Structure formats: C-alpha cells, structure tokens
Amino acid sequence: MTSYHMIFKNGYSGSLNKCGGLPTHLPEVWPQIDGTDLAFLFQLYCDGEKLNIPNTLCIQGYQLFEEGDYNSDIVVVQLPLNAKENIQQIGLSCPISPDYSGGDIEFEVVEEQDNYNLDDLDEFNQWEKMRVLCSKLLGWCEKEIIPSNCVFLGWLADEAPLVIGGGYNLCLFLTPEGKVVASYHRPC
C-alpha cells in the first residue's frame, strides 16, 4: 500500500504543507484553550492524493505554548474550502526547536506492506519499524486503533521537529461524516 512519508525541511520556500511559522489560511476562529491563543504548528493541504477530505482545504495543528513548554495536546482544526488567506500574516507561531525554525513538509512515496506485526520486528529490523512508524499520510496503521467506521489519514510521530512526547503518535482519522478526529497512540 502507498504511503507518503513526511520530510521536514529546515527553511520555508512557500510550500502549502508546512511546519512552524504562520498558517497560509486562517481558521474561522483562532483556536484557544481557556481564552489563551494556541500557537500554530503545522498544516497539511488536501490535494486529493495524499490527503482527500470532502469540503476541506487543509488541516492544521495548534498547541498551547507557555513559558517555553508545550502545555496541551495538539488541537487539529479542519479548514473549509473558503478559508481566508492569511495575507496579513497574523497569528501566533510556535517555536518548534532551537535547531528548526520551521519549513516545508515534503513527501516521499513509500510502498508499505498491508500488515505488520510490530512485535516481530526484532532489533535487526529496527530500521523497518522506525520507517513504518514515522510521520506520514496514508499507509499502514494498526487496525485496532482505528475508530469504528473511520478511515486512517495518517499520523505525526514523536520525532524531530515535532515533540509529542512519550513516543506517542498523533493519529488522524476521517469519520463517515467527513470530520477529522485525532487521538494519541503509542505504537508498541
């Protein structure tokens, strides 16, 4: 099965898929927790191939960032097709890391197996295990973590430049109603 593994470039050259900086389009209401604005983390655009979500321009991730710490789960926002372009460059940007100021997200097309048993991937197969668990759109996913009647869209792994913590992946699923839902899962 085809998957699209994310490559986080250091430096932004205008790609619609990006990590860090400010969003290219704005959510209807800037995400908040208890009245505090969340910081923009990433956006992934619906291109009909890697990401195909009805009536959706893109999905974006936001997180509460206070006093140098990430203080919330990542909030995923689904933008409608008519979302306003962020011409005035407004919003709050999350400082990703000292080594990464933000940049394009590019994709590598990878053919994955239809099924993996992660417990069987021993120390000699750690590369394959890390490869299948990296940040990606589509591809293989443990069937038992997919919510009922949902489709696996992809996940963001606990890897540089994103810090999710504890080895968890931020998993993205599409409901039959066309809504993106997110959950955390720790593979293995």
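Preceding block: the structure.
Here's what I pulled together on the structure shown here. (Residues numbered from 1 in each chain as written. Predicted model: local features only at pLDDT ≥ 70, side-chain atom pairs only at ≥ 80, totals over all residues. Heavy atoms only, no water.)

**Overview of the nonpolar core**
- Counting 24 residues, the largest nonpolar core has F8, L44 and L156 as its most contacted members.
- Contributing elements (two or more residues each) for this core: β1 (2-8), β5 (39-45), β12 (151-156) and β13 (169-174).
- Broken down by element, the residue count for this core peaks at four residues, all from β5.
- Leave out the neighbours within four places in its chain, and L44 touches M6, N17, L51, C58, I59, I105, F107 and L137.
- Grouped together as the second largest cluster of nonpolar side chains are 12 residues, W30, L57, C58 and L79 included. (Core = buried A, V, L, I, M, F, W, Y, C linked by side-chain atoms within 4.5 Å. Buried < 20%, exposed > 50% of the residue type's maximum accessible area, 1.4 Å probe, protein only. Helix = DSSP H or I, 4+ residues; strand = E, 2+ residues; numbered from the N terminus. Contact = heavy atoms within 4.5 Å.)

**Some remarks on the pairing of strand β14 (residues 180-185)**
- The sheet contact formed by β13 and β14 spans six bridges and is antiparallel. Its bridge partner being in β14, F173 is matched across the sheet by V181. (Pairing = 2+ DSSP bridges.)

**Description of the packing of aromatic side chains**
- Going through the model one piece at a time under the given rule, you end up with four aromatic pairs.
- On the numbers, 5.1 Å between centres and 80° between planes, the contact of W30 with Y62 is edge-to-face. Here W30, found in the loop between β2 (18-19) and β3 (32-33), pairs with Y62, found in strand β6 (residues 56-63); they are 32 residues apart in sequence, far enough to count as distant. The same class applies to W30 and to Y62, which are both buried.
- In this structure an aromatic cluster arises from ring pairing among W30, F40 and Y62.
- The ring of Y12 is capped by K18, whose NZ or CZ atom sits 4.1 Å from the centre of that ring.
- Above the plane of the ring of Y4 lies K50, whose end atom (NZ or CZ) is 5.9 Å from the centre. (Phe/Tyr/Trp six-rings, centres within 6.5 Å; stacked < 30°, edge-to-face > 60°. Lys NZ or Arg CZ within 6 Å of the ring centre and 35° of its normal.)

**A closer look at the state of the cysteines**
- Per the counting criterion, the structure on display carries zero disulfides.
- C171 carries a free sulfur, and the closest cysteine sulfur to it, the one in C141, is 5.9 Å from it.
- Judged by its relative accessible area of 0%, C171 falls in the buried class. (Disulfide = S-S within 2.5 Å.)

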